[in-house]
Amino acid sequence: MDADSKPFTFYTNPMSRGQIARWALHEAGVDYRQVILDYGTTMKAADYLAINPMGKVPAVVHHLASGDRIITECAAICAYLADTCADAALAPLPGERADYYRMLFFAAGPIESAVTNRSMGFETPGDKAMMAGYGSYEQAVDVLDQLLARGAYVCGERFTMADVYVGSQVLWGVQFGSLPERASFRAYADRLQGRAAYQAAKAIDNALMPPMPAG
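Predicted model only: the values in this text are computed from it and were never measured.

Caption draft 1: Main features of the pairing of strand S2 (residues 32-36). Relative to S2, strand S1 (residues 8-12) runs parallel, the two sharing five bridges. Looking across to S2, one finds that Thr12 is bridged to Ile36. Regarding topology, helix H1 (residues 18-28) serves as the crossover connection from S1 to the parallel S2, and that connection is right-handed.

Caption draft 2: Just the pattern of salt bridges, in detail. The full count for this structure, using the stated rule, is twelve salt bridges. Lys56 is the partner of Glu73 in a salt bridge, and the nearest nitrogen-oxygen pair spans 3.2 Å. Highlighted residues: Glu73 in the loop between strand S4 (67-72) and helix H3 (74-84) and Lys56 in the loop between helix H2 (46-49) and strand S3 (59-64), separated in sequence by 17 residues. Residue Lys56 is classed as partly exposed on the basis of its relative accessible area, which comes to 33%. If you follow the salt bridges from partner to partner, you end up with Arg118, Glu123 and Glu138 in one network.

Caption draft 3: Looking closely at the nonpolar core. Counting 57 residues, the largest nonpolar core has Trp23, Leu81, Leu144 and Met161 as the members making the most contacts within it. Breaking this core down by element, the ones donating at least two residues are S1, H1, H3, helix H4 (97-119), helix H5 (137-148), helix H6 (162-176), helix H7 (183-193) and helix H8 (196-208). With eight residues, H4 is the largest single contributor of residues to this core. Residues within four places of Met161 in sequence aside, it is in contact with Ala24, Ala28, Cys78, Leu81, Ala82, Leu90 and Tyr100. Ranked by size, the runner-up nonpolar core spans nine residues in total, among them Tyr11, Val35, Tyr48 and Val57.

Caption draft 4: Spotlight on the sheet that holds S3. With mixed pairing, the four strands of this open sheet are ordered in space as S2-S1-S3-S4. Where the open sheet ends on each side, the last strands, each with one partner, are S2 and S4. Across the sheet, the mean angle separating the axes of adjacent strands is 20° when strand polarity is ignored. Taken strand by strand, H1 contacts S1 and S2, and its axis lies near 155° from that of S1. Sheet contacts for H3: S1, S3 and S4; angle to S4, the most-contacted strand, approximately 135°.

Caption draft 5: Just the packing of aromatic side chains, in detail. Per the counting criterion, the structure on display carries seven aromatic pairs. Measuring from centroid to centroid gives 5.7 Å for Phe10 and Tyr32, while their planes differ by 90°, and the two rings are edge-to-face. Residue Phe10 is located in strand S1, and its partner Tyr32 is located in strand S2; the two are separated by 22 residues in the primary sequence. Each member of the pair, Phe10 as well as Tyr32, is classed as buried. Their ring planes at 85° and their centres at 5.7 Å tell us that Tyr153 and Phe159 sit as a pair that is edge-to-face. Members of the aromatic cluster, connected to one another through ring pairs, are Tyr100, Tyr101 and Phe105. Positioned above the aromatic ring of Tyr153 is the side chain of Arg191, whose terminal nitrogen or guanidinium carbon lies 5.9 Å from the ring centre.

Caption draft 6: How the structure looks around H1. Most of H1 is tucked away, with nine of its eleven residues classed as buried. Of the surrounding secondary structure, the elements contacted by the buried residues of H1 are S1, S2, H3, H6, H7 and H8. Gly29 lies just past H1 and shows a positive phi near 70°.

Caption draft 7: Spotlight on the packing of H3 against H4. In the contact formed by H3 and H4, the axes pass within 10 Å of each other and the chain directions differ by 155°. One way to sum up the angle between H3 and H4 is to call them roughly antiparallel. Between H3, through Ala75, Ala79 and Ala82, and H4, the contact on the second element is made entirely by Tyr100, Leu104 and Ala108. Of the residues in the contact of H3 with H4, the class split is six nonpolar, no polar and no charged.

Cut-offs used in this document
Residues numbered from 1 in each chain as written. Predicted model: local features only at pLDDT ≥ 70, side-chain atom pairs only at ≥ 80, totals over all residues. Heavy atoms only, no water. Pairing = 2+ DSSP bridges. Helix = DSSP H or I, 4+ residues; strand = E, 2+ residues; numbered from the N terminus. Right-handed = clockwise from strand over helix to strand, strands pointing away. Salt bridge = Lys/Arg side-chain N within 4 Å of Asp/Glu carboxyl O. Buried < 20%, exposed > 50% of the residue type's maximum accessible area, 1.4 Å probe, protein only. Core = buried A, V, L, I, M, F, W, Y, C linked by side-chain atoms within 4.5 Å. Contact = heavy atoms within 4.5 Å. Axes fitted to C-alpha atoms, helices over the stretch in contact; angles between N-to-C directions. Phe/Tyr/Trp six-rings, centres within 6.5 Å; stacked < 30°, edge-to-face > 60°. Lys NZ or Arg CZ within 6 Å of the ring centre and 35° of its normal. Parallel < 35°, antiparallel > 145°, perpendicular 65-115°, else oblique. Nonpolar A, V, L, I, M, F, W, Y, C, P; charged D, E, K, R; others polar.

Following this line, the structure appears as structure tokens:
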């Protein structure tokens, strides 16, 4: 998989968490080459497994003079782009780091686990809650609600890259009902959907979606 002159190569599928990484790339304002992979075929091909042995998307390769850097996992991609693309001012300021990292990893750990398990029909037994990293779905959602009610964005009134990852979890939850209806979730989602980078990235993925079968 040879890179062209663009500094980043982005491996994705429009029907995947690659939508999060694409939004992050657009917020960072970087130029990238996209490679669309198919589930079960090109995602499992040897040349892609050399990039991500998990055989899943997204993955981002940063082409540098010192060698390629491979980044997988959406939260890591978001954090890497924020740290690398300083001109975009998406990394946390010193006084924002606690909220930034707390929320980034809270969304990547307890929230995603709680929502995924709930969607698969798994409920944490009350006497086993301490064994789960999120306690219970209800507890994780209530904490997310409390944290998002504190300000317009993760770090108060300033948008950062943490909002791309946390916001993607909330946008998905609001759209598909995997999160309950809460005023803080709805207001946060509305703010994020108004961002030009979100709209540009979403338009690309929507255009790449396979056509719906005729009804």
